[in-house]
Amino acid sequence: MERSPAQPGPGPVPERLLRALEITVARRMEGLLAGDYRSRLLGHGSELAQIRPYILGDDVRQIDWNVTARTGEPHVRVQHAERVLVTWLVLDTSPSMNFGTAERRKADVAEGAAIAVGHVATRRGNRLGVVTFGDAHPTSMPVRQGRLGLIGLLAALHDDSADPEQRVGATSLGEAIRRADALARQRSFVVLVSDFRGLEDWRRPLLQLAGRHDVVAVEIRDPREQELPNAGELWLVDPETGRQLRVDTRSAKLRRRFADAAAAERAGVAQTLASLGVRHVVLTTSGDWLRELALFLRRAK
């Protein structure tokens, strides 16, 4: 039976399902986002920002004669400056993203978030570029208008013929950030979509990136990563390195120590992002992740 486009499950996702997911995400984003994104700059443009009293030196061509007639005082129209917004999406495709014990995998949430960002980022002629990292074939897609390039890229990432062993390896978010920083030659909006696990080599390059661009971190989590179940003896495998560890989860002390360590590690990630001036949102594999993302984007406008 074909899975719902709103919640794709494990396994390769055909491009037609990604397009269906894009339509679903786009419709919901339109309903969840109150209005379009606005330029923070004021100047000559076609979209009204405000009407205010005339000040000596204002362009008389901008006088709003209707408001002037009603108030008896000259008022001018101030428009939003028209500019093309460039967004760079840095997408984690590492083996750890294939983990998921709730309603979907982390990779499914990441792809949905990428489509949502692509939908918002390419409206009104704005442009989107994509950098992927974490698997054997990191990709860089130059900025372009429209979301179809993103859909095609996501479809290409689902390669059945790829050897699973080739996907096991160290994830370098730091290298991907440096790549995005080199490609983003003008001030841009950069969205990092990752579980922020693996090598902790990203602090310094992210500091440099955040100094030049507006950066948002979208962290993807699965509830089981924060706690161990009471399931007897288990083999735990690090998907980034392939390292295995045998543990006895019947120990309440072990489960408590694991939960405390996991919480402290995630708090450290959040603290580092905050110290770098990077806005941060956490999406999980359970619940309505799209609503959480939309609410965050509304606050971040």
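Residues numbered from 1 in each chain as written. Predicted model: local features only at pLDDT ≥ 70, side-chain atom pairs only at ≥ 80, totals over all residues. Heavy atoms only, no water.

(A) Representation of the sheet that holds strand β6 (residues 140–145) within the structure. Sheet architecture is open: 6 strands sit in the order β6-β5-β4-β7-β8-β11, paired in mixed fashion. Strands with a single pairing partner mark the edges of an open sheet, and in this sheet they are β6 and β11 (279–284). The average undirected angle you get between the axes of adjacent strands in this sheet is 15°. Alignment of strand β8 (residues 214–221) against β11, held across 6 bridges, turns out to be parallel. Opposite Ala217, over in β11, you have His280 as the bridge partner. Relative to strand β5 (residues 127–133), helix α5 (residues 173–183) is tilted by about 155°, and along the sheet it contacts β4 (86–92), β5, β6 and β7 (189–194). (Pairing = 2+ DSSP bridges. Helix = DSSP H or I, 4+ residues; strand = E, 2+ residues; numbered from the N terminus. Axes fitted to C-alpha atoms, helices over the stretch in contact; angles between N-to-C directions. Contact = heavy atoms within 4.5 Å.)

(B) Inspection of the packing of aromatic side chains at higher detail. Under the defined criterion, the tally for this structure stands at 1 aromatic pair. Their ring planes at 70° and their centres at 5.6 Å tell us that Phe196 and Trp202 sit as a pair that is edge-to-face. (Phe/Tyr/Trp six-rings, centres within 6.5 Å; stacked < 30°, edge-to-face > 60°.)

(C) A look at the side chain of Arg104. Residue placement: Arg104 occurs in the loop between β4 and α3 (106–121). Here Thr285 takes part through its backbone oxygen, which lies 3.2 Å from a polar atom of the side chain of Arg104. A polar atom in the side chain of Arg104 sits 3.3 Å from the backbone oxygen of Gly287. (Polar contact = N/O pair within 3.5 Å; in protein donor to acceptor, adjacent residues only side chain to side chain.)

(D) Fine view of the environment of Ala114. Looking at the element boundaries, Ala114 is found in helix α3. Residue class for Ala114 comes out buried when judged on its relative accessible area of 0%. In this structure, the C-alpha to C-alpha distance between Ala114 and Leu89, residues 25 residues apart in sequence, is 7.2 Å. Once residues lying within four places of it in the same chain are set aside, the contact partners of Ala114 are Leu89, Leu91 and Leu150. (Buried < 20%, exposed > 50% of the residue type's maximum accessible area, 1.4 Å probe, protein only.)

(E) Here's a closer look at the pairing of β7. Across the 6 residues of β7, 6 count as buried, placing the element largely inside the fold. Every second residue of β7 is oriented toward a common face, with Phe189, Val191 and Val193 on one face and Val190, Leu192 and Ser194 on the other, all of them buried. Inspection of the sheet shows β4 paired to β7 by 5 bridges, in the parallel sense. Looking at the pairing, Val90 lines up with Leu192 of β7. Relative to β8, β7 runs parallel, the two being bridged by 6 bridges. The residue bridging Phe189 from the neighbouring strand is Asp214, located in β8.

(F) Just the environment of Trp88, in detail. Residue position: Trp88 is located in strand β4. Trp88 gets classed as buried once you look at its relative accessible area, which sits at 4%. Sequence separation between Trp88 and Gly118 is 30 residues; the distance between their C-alpha atoms is 9.4 Å. In contact with Trp88, other than residues within four places in its own chain, are Gly129, Val130, Val131, Met141, Pro142, Val143, Leu183, Ala184, Ser188, Phe189, Val190 and Val191.

(G) Molecular detail of the nonpolar core. Among the nonpolar cores identified, the biggest contains 41 residues, and Met29, Leu89, Val193, Val218, Ile220, Leu283 and Leu293 are the most heavily contacted of them. For this core, the element with the highest residue contribution is α3, accounting for 10 residues. One finds Val90, Ala180, Val215 and Ala217 within the second-largest nonpolar core, a separate group that totals 22 residues. (Core = buried A, V, L, I, M, F, W, Y, C linked by side-chain atoms within 4.5 Å.)

(H) Spotlight on the packing of α5 against helix α6 (residues 203–212). Between α5 and α6, the least distance of the axes is 9 Å, while the angle of their chain directions is 30°. Here α5 is positioned roughly parallel relative to α6, judged by the angle of their axes. α5 and α6 meet at a crossing whose hand is left-handed. Note on element contacts: α6 touches α5 through Pro205, Leu206, Gln208, Leu209 and Arg212, opposite Gly174, Ile177, Arg178 and Asp181. Taken together, the residues of the contact of α5 with α6 sort by class into 4 nonpolar, 2 polar and 3 charged. (Parallel < 35°, antiparallel > 145°, perpendicular 65-115°, else oblique. Left-handed = near helix turned anticlockwise from the far one by under 90°. Nonpolar A, V, L, I, M, F, W, Y, C, P; charged D, E, K, R; others polar.)

(I) Representation of the packing of α3 against helix α4 (residues 148–157) in the model. Two elements in contact, α3 and α4, have axes whose closest approach is 10 Å; the angle formed by their N-to-C orientations is 165°. Taken together, the axes of α3 and α4 lie roughly antiparallel to each other. The hand of the α3/α4 crossing is right-handed. Taking contact as the criterion, the partners of Glu111, Ala114, Ile115 and Gly118 in α3 are, on α4, Leu150, Ile151 and Leu154. For the contact of α3 with α4, the class distribution of residues is 5 nonpolar, 1 polar and 1 charged.

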